Amino acid sequence: MSDNRTKVVLLACGSFNPITNMHLRMFELARDHLEDTGQYMVVKGIISPVCDGYKKKGLIEACHRLEMARLATENSGWITVDSWEGVQPEWVETAKVVRHHYEELLATEIDDDVDTVKYVKKRRIEENFEGSANHNRRDGVRLMLLCGADVLESFGIPNMWKPEDIVEIVGSHGMVCITRSGNNPHKFIHESDVLWKYRKNIHVVHEWVTNDISATHVRRALRRCRSVRYLLPDGVVCYIREHGLYSAESEQKNADVILAPLQRYSRASSS
Ligand SMILES: Nc1ncnc2c1ncn2[C@@H]1O[C@H](COP(=O)(O)OP(=O)(O)OP(=O)(O)O)[C@@H](O)[C@H]1O
Ligand SMILES: O=C(O)c1ccc[n+]([C@@H]2O[C@H](COP(=O)([O-])O)[C@@H](O)[C@H]2O)c1
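Residues numbered from 1 in each chain as written. Chains lettered and ligands numbered in written order. Predicted model: local features only at pLDDT ≥ 70, side-chain atom pairs only at ≥ 80, totals over all residues.

Engineer: I'm lost on the site of ligand 2 in this one. Help?
Structural biologist: Near ligand 2 there are 16 residues, and of these Cys13, Ser15, Glu93, Thr94 and Pro261 occur at the shortest range. At the level of elements, strand 1 (6–14) and helix 3 (94–106) are the ones that each hand at least two residues to the shell around ligand 2. By residue class, the composition of the shell around ligand 2 is eight nonpolar, four polar and four charged. (Near = placed C-beta within 6 Å. Helix = DSSP H or I, 4+ residues; strand = E, 2+ residues; numbered from the N terminus. Nonpolar A, V, L, I, M, F, W, Y, C, P; charged D, E, K, R; others polar.)

In structure tokens:
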């Protein structure tokens, strides 16, 4: 019997500075939620650490963040790490990262006769990507951006996101948004005309086991020589120790620098 469910690839973009167990849990929560609808089959998860050019305070080198993400996912059968974004010389807008992975997806064929996802070159993106809303569904395979509610709410920060990028991500692809304490994604969607328009493309997943695990908390604990075991996969804890990552000094990286999107868009709006 053929499976009519739409195949979904989940893409999580972020600093992953460092990757935590909560980042991995986000994927599990999103997969359960989407598959519970009976409409979707989640075939792959991609973690895409941002590049150093993002200039977030305390952001350590991408090579370490990528390696920690690899260690964290080595036992997962479906979550992978992709370095395309992380090795870019300059910060890349998330809409472009989503487009890049969607192009890769279209150039492949997902063969679900085998357990692993197999990619075969298929067709050129230009035939498919024409910017119309929901074009992403045409092949029966979709790419959705996976994030926490804080990232969704960052859409409202002036000069942080280009309005057309928000439309492209939410209108053409879709999002899965995990609740996070201190955020109210339903209210935020209700109060935004563009998010309300595309509300059916935004899947809000309620994390009932509220937890405040954040990379900020982990870095702070490490600076204070406190244990971070069980907040991060063991392999990541060992890697951090081996390389002496996260000190008072590393937390000062980019301290006087404006975050790349704010720099880029405030420059554009003032010229
Ligand atoms: N506890 C959490 N609950 C829900 N989403 C989370 C949680 N922690 C991280 N995320 C999400 O994971 C993605 C990557 O997050 P990021 O690497 O910025 O981690 P973070 O813990 O928010 O980092 P930082 O504390 O350095 O700002 C983002 O979409 C973020 O919203
Ligand atoms: O594309 C944009 O305009 C945009 C603006 C702000 C942030 N982002 C992305 O959102 C992610 C936020 O990560 P973080 O660690 O700051 O929560 C990261 O991947 C950024 O590249 C993207």
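Engineer: Please clarify how the site of ligand 1 should be interpreted in this entry.
Structural biologist: Inspection of the region around ligand 1 gives 19 residues, with Gly14, Cys147, Gly148, Ala215 and Thr216 positioned closest. Taken together, the elements giving at least two residues each to the shell around ligand 1 come down to strand 1, helix 1 (21–36), strand 4 (141–148), helix 4 (149–153) and helix 8 (215–223). It is helix 1 that provides the largest number of residues to the shell around ligand 1, a total of three residues. Across the shell around ligand 1, the residue classes break down as nine nonpolar, eight polar and two charged.

Engineer: Sorry, what's going on with helix 2 (residues 62–73) here?
Structural biologist: Every α-helix winds through 3.6 residues per turn, so residues three or four apart in the chain are directed the same way. The terminal C-alpha atoms of helix 2, which comprises 12 residues, lie 16 Å apart, in line with the 16 Å expected from a rise of 1.5 Å per residue. Here helix 2 lies mainly inside the structure; nine of its 12 residues are buried. All buried positions along helix 2 are accounted for by Ala62, Arg65, Leu66, Glu67, Met68, Ala69, Leu71, Ala72 and Thr73. Where helix 2 is buried, its residues contact helix 1, strand 2 (40–49), strand 3 (79–81) and helix 9 (234–243). (Expected span 1.5 Å × (residues − 1). Buried ≥ 20, exposed ≤ 12 C-beta atoms within 10 Å, placed from the backbone. Contact = placed C-beta atoms within 7 Å.)

Engineer: What is the right way to read unusual backbone geometry from this model?
Structural biologist: Residues apart from glycine generally show negative phi values, whereas peptide bonds are mostly found in trans. Following Asn17, the chain continues to Pro18 via a peptide bond in cis, the omega torsion being 5 degrees. Among the secondary structure elements, Pro18 is positioned in the loop between strand 1 and helix 1. You will see that Phe16, though not glycine, has its phi angle at about 50 degrees, which is positive. Judged by the 23 C-beta atoms lying within 10 Å of it, Phe16 is buried. Phi is positive for Asn159, close to 65 degrees, though the residue is something other than glycine. Given 17 C-beta atoms within a 10 Å radius, Asn159 is considered partly exposed.

Engineer: Where do I start with helix 8 in this structure?
Structural biologist: Buried within helix 8 are the following residues: Ala215, Val218, Arg219 and Leu222. An end-on view of helix 8 places all buried positions within 95 degrees of arc, on one side of the element. In the core, the buried residues of helix 8 are packed alongside helix 9 and helix 10 (248–251). Once helix 8 finishes, Cys225 follows within two positions and takes phi at roughly 60 degrees, a positive value. (Arc of directions from axis to C-beta.)

Fair warning: the whole summary comes from geometry, so function is off the table for now.
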